[in-house]
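Inside the fold
Take a look at the letters that make up each chain.
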Amino acid sequence: MGRNQSIKGNFCYNNIEKTGKNFMYKNLERSNCYNCDFSNSKFDYVNFRGAHFKSCVFFQCSFKWTEFIGTNLKGSDFKNSVFENTVFDSVNLDGADFKDAEFINTIFLSTDIAKAKNFNSNTSGIKIYDEIPQLEISEDLRLAVINVIKNKYVKSARVLDTKDGGINIINLMILLDHFDEETLIKGLNIIKDDLDCDFHTLSYVIKYLKNNM
């Protein structure tokens, strides 16, 4: 058992029990855990980008505004867990068990859900995209997104751009669910100039805009 110091807040655990814990707002990017029990824990607003949580138990856990980006969840147990405003992007769900899990406004992108157990793709509250969807946006909004990414904290969080330098269409769609285009453009310009702290999930951007508009 040890803690990976490469990213502040992440960890590396094997064969341990950490049940009933509060991991809200943690940055678990590139964490590496195997055969651990996190039952009845809260993982709301957590970043799992590039993390490996194989054969772990997440029984009756809470995942609100959680981001699984390029995450390996092979063989993990999510029975009776609740996913709300959660994003699964390019995630390994081979053998992951979602029996009696609840999904509220949850997105699956470029993720092979056929390999998951007890997962019904027709469940209410789930949106599935095999590939990045098309989204027509104005030139003003496109420029606002490109410019806000120049803010070093936004760039570091990787919530509005992709690894190949493009715009993160899924997260832009989510933002447009919360703000009209004019408000979003104005808000992104505020963020570009004023945001000056580290953050790890899109939920922070939404909260920041709501508090500063």
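Computed from a predicted structure; not experimentally measured.

Running from N to C, helix α3 (residues 169–178) and helix α5 (residues 202–212) cross one another at 30 degrees; their axes reach a closest spacing of 11 Å. For the element pair α3 / α5, the angle class is roughly parallel. Here α3 and α5 pass one another in a crossing that is right-handed. Here N171, I174, L175 and H178 of α3 come into contact with α5, specifically with L202, V205, I206 and K210.

Attention shifts here to the pattern of salt bridges. This model, assessed by the stated rule, comprises 7 salt bridges. Among the salt bridges present, the one from D77 reaches K79, with a minimum N-O distance of 3.1 Å. A relative accessible area of 17% means that D77 is categorised as buried. According to the relative accessible area criterion, K79 is partly exposed, its value standing at 25%. In this structure, K192 engages D193 in a salt bridge whose closest nitrogen and oxygen atoms are separated by 2.9 Å.

With parallel pairing, the 4 strands of this open sheet are ordered in space as β5-β7-β9-β10. Looking at strand neighbours, the two that pair on one side only are β5 (67–69) and β10 (126–129), the edges of this open sheet. For this sheet, the mean angle separating the axes of adjacent strands, direction not counted, is 5 degrees. Relative to strand β7 (residues 87–89), β5 runs parallel, the two sharing 3 bridges. Among the inter-strand pairings, F68 is bridged to a residue of β7, identified as F88. Strand contacts of α3: β7, β9 (106–109) and β10, with the helix running at about 160 degrees to β9, the strand carrying the most contacts.

The next thing to look at is a negative patch on the surface. A cluster of acidic residues, D140, D180, E181 and E182, forms a negative patch at the surface. Structurally, D180 can be placed in the loop between α3 and α4 (181–194). Looking at D180, the relative accessible area reads 46%, which means it is partly exposed.

All chains considered together, the criterion is met by 36 aromatic pairs. Ring geometry for F23 versus F43: centroids 4.8 Å apart, planes at 20 degrees, classification stacked. Here F43 lies in the loop between β2 (32–34) and β3 (52–54) and F23 lies in the loop between β1 (12–14) and β2, a separation of 20 residues in the sequence. For F43, a relative accessible area of 0% gives the class buried. Considering the side-chain rings of F98 and F119, the 5.7 Å spacing of their centres and the 75 degrees angle between planes classify their relative orientation as edge-to-face. Of this pair, F98 sits in the loop between β7 and β8 (102–104) while F119 sits in the loop between β9 and β10; the two residues are 21 residues apart in sequence, bridging distant segments of the chain. Each of the two residues, F98 as well as F119, counts as buried.

Attention now goes to the side chain of T111. Note on placement: T111 falls in the loop between β9 and β10. Within the structure, T111 has its side chain in polar contact with the backbone oxygen of L109 (distance 2.9 Å). The contact partners of T111, leaving out residues within four places of it in the chain, are F88, D89, S90, V91 and L93.

A separate point is unusual backbone geometry. Positive phi values are uncommon outside glycine, yet R30 reaches one of about 60 degrees. Along the chain, R30 turns up in the loop between β1 and β2. The class of R30 is partly exposed, set by a relative accessible area of 45%. For N40, which is not glycine, the phi torsion reads 60 degrees and is therefore positive. Tracing the chain through its elements places N40 in the loop between β2 and β3.

Cut-offs applied
- Residues numbered from 1 in each chain as written.
- Predicted model: local features only at pLDDT ≥ 70, side-chain atom pairs only at ≥ 80, totals over all residues.
- Heavy atoms only, no water.
- Axes fitted to C-alpha atoms, helices over the stretch in contact; angles between N-to-C directions.
- Helix = DSSP H or I, 4+ residues; strand = E, 2+ residues; numbered from the N terminus.
- Parallel < 35°, antiparallel > 145°, perpendicular 65-115°, else oblique.
- Left-handed = near helix turned anticlockwise from the far one by under 90°.
- Contact = heavy atoms within 4.5 Å.
- Salt bridge = Lys/Arg side-chain N within 4 Å of Asp/Glu carboxyl O.
- Buried < 20%, exposed > 50% of the residue type's maximum accessible area, 1.4 Å probe, protein only.
- Pairing = 2+ DSSP bridges.
- Patch = residues over 30% accessible without salt bridge, like charges linked within 9 Å, V, L, I, M, F, W, Y side chains within 5 Å.
- Areas by Shrake-Rupley, 256 points an atom, 1.4 Å probe, with all protein chains shown as cover.
- Lys, Arg positive; Asp, Glu negative; His and termini not counted.
- Charge placed at Lys NZ, Arg CZ, Asp CG, Glu CD.
- Phe/Tyr/Trp six-rings, centres within 6.5 Å; stacked < 30°, edge-to-face > 60°.
- Polar contact = N/O pair within 3.5 Å; in protein donor to acceptor, adjacent residues only side chain to side chain.

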